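Examination of the molecular architecture
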Amino acid sequence: MSGHSDRAAPSEPYAAAVVGAGPGGLAAVCGLLDRRAGRVLWVDRSWAGGRLNERYREISSNTKVGIYLDALGSSPTCARTMAALPADCAVREMERMDRDGTCRLSLAGDVVRLLIDALRARDDVDCVRADLPSAEWISRDETWTLDLPSSPRARELVLATGSLPLTPTWHTTYNASLTALDLDMVLSPSLLAAALPASARVVVIGGSHSGVLALRNLYELSVRRTDGARIMGVGRHAVRYAEYRADGVVWDNTGLKGDTAAWARAVLAGAHDGRLNFVVIPQGREEETYSEILADATHIVYAVGYARAPIPRLSLDGEQVEPAFEPASNSFTARGKRVPALRGAGIAFPKRSTDPKGHEEDAVGVAKFFKFDAV
């Protein structure tokens with residue numbers, strides 16, 4: 001097994017198997033170790049720290065440094081792990097920063113990777129570098145059998161398998177010649193420059209944090225090139241900003257924060273030399289608005305949410321099932337019954353949270369995962 005290559009799968013079942021080693025998987029493993037559940041099997045295809053490190057390192061975080069550190073420190077396992085790290089590491093760099101400021105996701109990614117690597121070295125964590133094809137629940141043993149070398153078993157299975165940006169195609173109804181740009185690529189300035197032709201007319205659908213980041217990257221590329229590109233954002237409501245209050249954060253999960261919020265107030269909502277605009281769709285005029293806006297556009301970017309990445313094939317006593325996630329109980333159901341000993345973690349299986357004004361949202365982000373998944 002990668003990370004512990006001298007170990008075979010134990011004859012006794014693992015306490016849990018966690019699939020995925022991004023922030024959600026990290027939180028889930030910390031929670032299991034906090035509870036002293038027993039030996040943990042951790043499975044990941046790359047051990048890079050999830051899509052946070054693979055795709056989003058150039059993005060500015062929308063979470064305050066202090067919230068990151070407090071969330072990580074809320075897990076005793078994670079707190080002890082951080083305390084043992086050397087003085088010249090990413091954790092110490094984050095600790096020296098202004099707690100009310102934000103950081104680049106590259107730093108948050110480095111912190112996550114450091115913690116993952118430290119946990120992988122523990123004697124009670126066995127690690128496998130693999131895609132898990134399937135797992136089967138065996139009722140007589142009350143364990144999951146994983147389709148991996150040595151067929152390891154676990155009393156609980158945790159899926160932290162991540163998500164991918166949604167990629168709709170409904171724009172073809174209005175303009176079949178539009179080129180759809182991958183959101184992940186647009187969020188990476190180093191990749192965007194090579195992919196976007198000069199004088200493009202780009203429409204970004206969605207006014208969330210990701211949508212506004214896409215607008216910013218497109219606009220700033222146009223300014224550097226001075227090529228006359230036009231960028232337009234389209235949303236169902238005006239851009240929202242997070243509001244910090246004593247009783248919590250309003251629009252905590254979907255509102256703009258930090259550097260992105262500052263840019264939106266200064267540029268998106270201010271003077272921007274005609275290159276940039278944001279349109280709120282009038283109620284009842286969606287068809288007309290899209291028809292007008294997309295008619296002369298050349299490119300479109302969808303920032304309209306994420307879909308779960310594929311999960312392993314799951315079977316119950318030999319019968320394959322398609323489990324449905326129940327966020328309120330962090331459980332899964334299939335064919336009207338609860339799937340035994342299966343739960344979700346991370347962005348693929350977010351829990352629901354309610355802010356001080358009663359807005360209900362998916363709780364997504366490193367800090368949220370430690371609040372809801374490290375349990």
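See the structure above.
In what follows, the accompanying structure is described. (Residues numbered from 1 in each chain as written. Predicted model: local features only at pLDDT ≥ 70, side-chain atom pairs only at ≥ 80, totals over all residues. Heavy atoms only, no water.)

**Some details on the environment of Val-111**
What counts is decided by this rule: Here a strand is any run of E in DSSP of at least two residues, a helix any run of H or I of at least four, and the numbering for each starts at the N terminus.
Tracing the chain through its elements places Val-111 in helix α6 (residues 105–120). Sequence-wise, Val-111 and Arg-92 are 19 residues apart; in three dimensions their C-alpha atoms are separated by 9.2 Å.

**A few points about unusual backbone geometry**
Just so we agree on the cut-off: Think of it in three bands: with a 1.4 Å probe and only protein chains considered, a residue is buried below 20% of the maximum accessible area for its type, exposed above 50%, and partly exposed in between.
In this model, Arg-36 sits at a positive phi of 55°, which is unusual for a non-glycine residue. In this fold, Arg-36 is placed in the loop between α1 (23–34) and β2 (40–44). Arg-36 gets classed as exposed once you look at its relative accessible area, which sits at 78%. Despite not being glycine, Asp-317 has its phi angle at roughly 50°, a positive value. Its location among the elements puts Asp-317 in the loop between β17 (313–316) and β18 (319–321).

**Some points on the sheet that holds strand β7 (residues 157–159)**
Sheets are built from strands paired through backbone hydrogen bonds, the pairs being either parallel or antiparallel. Cut-off, in case you're wondering: Two strands are said to pair when DSSP picks up at least two bridges between them. Axes, fitted as lines to C-alpha atoms, cover a helix only where it is in contact. Angles between the N-to-C directions of the axes lie from 0 to 180 degrees. Working rule for contacts: check all heavy atoms of both residues, and any pair within 4.5 Å makes them a contact.
The five strands lie next to each other as β3-β2-β1-β7-β22, forming an open sheet whose pairing is parallel. Across the chains shown, the open sheet's two edge strands, defined by having one partner strand only, are β3 (125–129) and β22 (342–344). Shown here is a sheet whose adjacent strand axes are inclined to one another by a mean of 20°, direction ignored. Sheet contacts for α1: β1 (16–19), β2, β3, β7 and β22; angle to β2, the most-contacted strand, approximately 175°.

**Looking at the packing of aromatic side chains**
How two aromatic rings sit relative to each other is set out by the distance from centre to centre and by the angle between their planes. Short version of the rule: Between rings of Phe, Tyr and Trp, where Trp is taken as its six-membered ring, a pair exists when centres lie within 6.5 Å; planes separated by under 30 degrees are stacked, by over 60 edge-to-face, and by other angles tilted. Any Lys NZ or Arg CZ found within 6 Å of a ring centre and within 35 degrees of that ring's normal is scored as a charge over the ring.
Tallied over the full model, the rule gives 10 aromatic pairs. Three or more aromatic residues link up through ring pairs in this structure, and these residues are Trp-170, Tyr-174, Tyr-290 and Tyr-302. Residue placement shows Lys-64 over the ring face of Tyr-244; its charged tip is 3.8 Å from the ring centre. Over the ring of Trp-251 we find Arg-240, and its NZ or CZ is 3.9 Å from the ring centre.

**Structural notes on the packing of helix α9 (residues 209–225) against helix α10 (residues 258–268)**
Put simply, the rule reads: Relative orientations are named as follows: roughly parallel for angles under 35 degrees, roughly antiparallel for angles over 145 degrees, roughly perpendicular for angles from 65 to 115 degrees, and oblique for any other angle. Helix crossings are classified by the rotation of the near helix relative to the far one: an anticlockwise turn of less than a right angle makes the crossing left-handed, while a clockwise turn makes it right-handed. Ten residue types, Ala, Val, Leu, Ile, Met, Phe, Trp, Tyr, Cys and Pro, are classed as nonpolar, four, Asp, Glu, Lys and Arg, as charged, and the remainder, Gly among them, as polar.
Their axes nearest at 10 Å, the elements α9 and α10 cross at an angle of 60°. By the angle between their directions, the pair α9 and α10 is classed as oblique. As α9 runs across α10, the sense of the crossing is left-handed. When α9 is examined against α10, the residues His-209, Val-212, Leu-213, Leu-215, Arg-216, Tyr-219 and Glu-220 are found in contact with a partner set consisting of Asp-259, Thr-260, Trp-263, Ala-264, Val-267 and Leu-268. Across the contact of α9 with α10, the residue classes tally to eight nonpolar, two polar and three charged.

Distances and angles like these do not, on their own, reveal function.
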